Structures are given as C-alpha cells and as structure tokens.
Amino acid sequence: MTFHKELRERIDEYVHGVYAVSRDFPKEELYGVVSQLRRAALSVALNYIEGYARLRSLVRKNFTKIAYGSLQESIYLLRFSFEEKYLNKEKYETLCGLADSIGKMLWGMLQKM
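Residues numbered from 1 in each chain as written. Predicted model: local features only at pLDDT ≥ 70, side-chain atom pairs only at ≥ 80, totals over all residues. Heavy atoms only, no water.

1. Describing the side chain of serine 43
Piece 1. Among the structural elements, serine 43 can be located in helix 2 (residues 30-53).
Piece 2. In terms of polar contacts, serine 43 uses its side chain to reach the side chain of asparagine 47, at 2.9 Å.
Piece 3. For serine 43, the side chain forms a polar contact with the side chain of serine 70, separated by 2.8 Å.
Piece 4. Filtering out sequence-adjacent residues up to four positions away, serine 43 remains in contact with Ala67 and Ser70. (Helix = DSSP H or I, 4+ residues; strand = E, 2+ residues; numbered from the N terminus. Polar contact = N/O pair within 3.5 Å; in protein donor to acceptor, adjacent residues only side chain to side chain. Contact = heavy atoms within 4.5 Å.)

2. Here we look at the packing of aromatic side chains
Piece 1. Evaluation of the coordinates by the stated rule reveals five aromatic pairs.
Piece 2. Residues tyrosine 48 and tyrosine 52 carry aromatic rings whose centres are separated by 6.1 Å and whose planes lie at 35° to one another, so their mutual orientation is tilted. With tyrosine 48 and tyrosine 52 both in helix 2, this residue pair falls four residues apart, about one helical turn.
Piece 3. Residue tyrosine 52 is classed as partly exposed on the basis of its relative accessible area of 41%. (Phe/Tyr/Trp six-rings, centres within 6.5 Å; stacked < 30°, edge-to-face > 60°. Buried < 20%, exposed > 50% of the residue type's maximum accessible area, 1.4 Å probe, protein only.)

3. A few points about the nonpolar core
Piece 1. Core analysis: the biggest nonpolar cluster contains 29 residues, and Leu7, Ile11, Tyr14, Ile102 and Leu106 have the highest contact counts within it.
Piece 2. Among the secondary structure elements, those contributing two or more residues to this core are helix 1 (3-22), helix 2, helix 3 (57-83) and helix 4 (89-112). (Core = buried A, V, L, I, M, F, W, Y, C linked by side-chain atoms within 4.5 Å.)

4. A closer look at the pattern of salt bridges
Piece 1. What the rule picks out here adds up to six salt bridges.
Piece 2. Across the salt bridge formed by arginine 54 and glutamate 50, the nearest N and O atoms sit 2.5 Å from each other.
Piece 3. Taking the relative accessible area as the measure of exposure, arginine 54 reaches 34% and is therefore partly exposed.
Piece 4. By relative accessible area, glutamate 50 is classed as partly exposed at 34%.
Piece 5. For glutamate 93, the salt bridge is made with lysine 89, and the minimal N-O distance between the two is 3.9 Å. With a gap of four residues between them, glutamate 93 and lysine 89 both fall in helix 4, about one helical turn apart. (Salt bridge = Lys/Arg side-chain N within 4 Å of Asp/Glu carboxyl O.)

Structural data, given as structure tokens:
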C-alpha cells in the first residue's frame, strides 16, 4: 500500500469515526461542538486531498499545513467532548490514537517538503 493510500484510509476512518461518535452527543450541541468537530475532521480530509491534487509544491505544503491544523483542532474538541462526558474513554482513545498516527504522517510529509 502506498503512503498516500494509507494516509487517505486513516483520514477516512477518522472522519467516519468522528461522525459516528458525535451522533450520540447532546442535541443542544448540534450547532456547537458537533458542528465544529465534524467540520474540523472533514477539513483534515478535504485539505489533504486538495493539496495532494495540486502540482505546485508550496501550494501542496500550505494545504497540508491546514490539514494538520484542523487535525489539532479536532483533537482538542475530542478532549473537550470526553471531559464533558459526551463520549466514553474507549471511543476517545481510539479516535485519539488514529489522530496521532495521522498527525505523525502529515508532520513527516511537512518535514520532507
């Protein structure tokens, strides 16, 4: 499996995981934490994909930086949600582990650019 394919699959798993856990969040958070968390997670995927499709290296690097920043935002929102007891420890740790591996892969790409 290529690096790009592996990273895309991990990001896809992460985004779907975020959507799945956030379905059980309190209804009053629909336009708050749920919306922001989903937007941040989806932004990781969309910016990585758009950056990968660009031919100019500086543009690609910029999109990868944005994807990394969105990942960090989503990690904070997961921690906040866990502390507010919107999700259990198992789901929190699973998503954070996946986010950590994605972060390492994105950071490694940035270091090589």
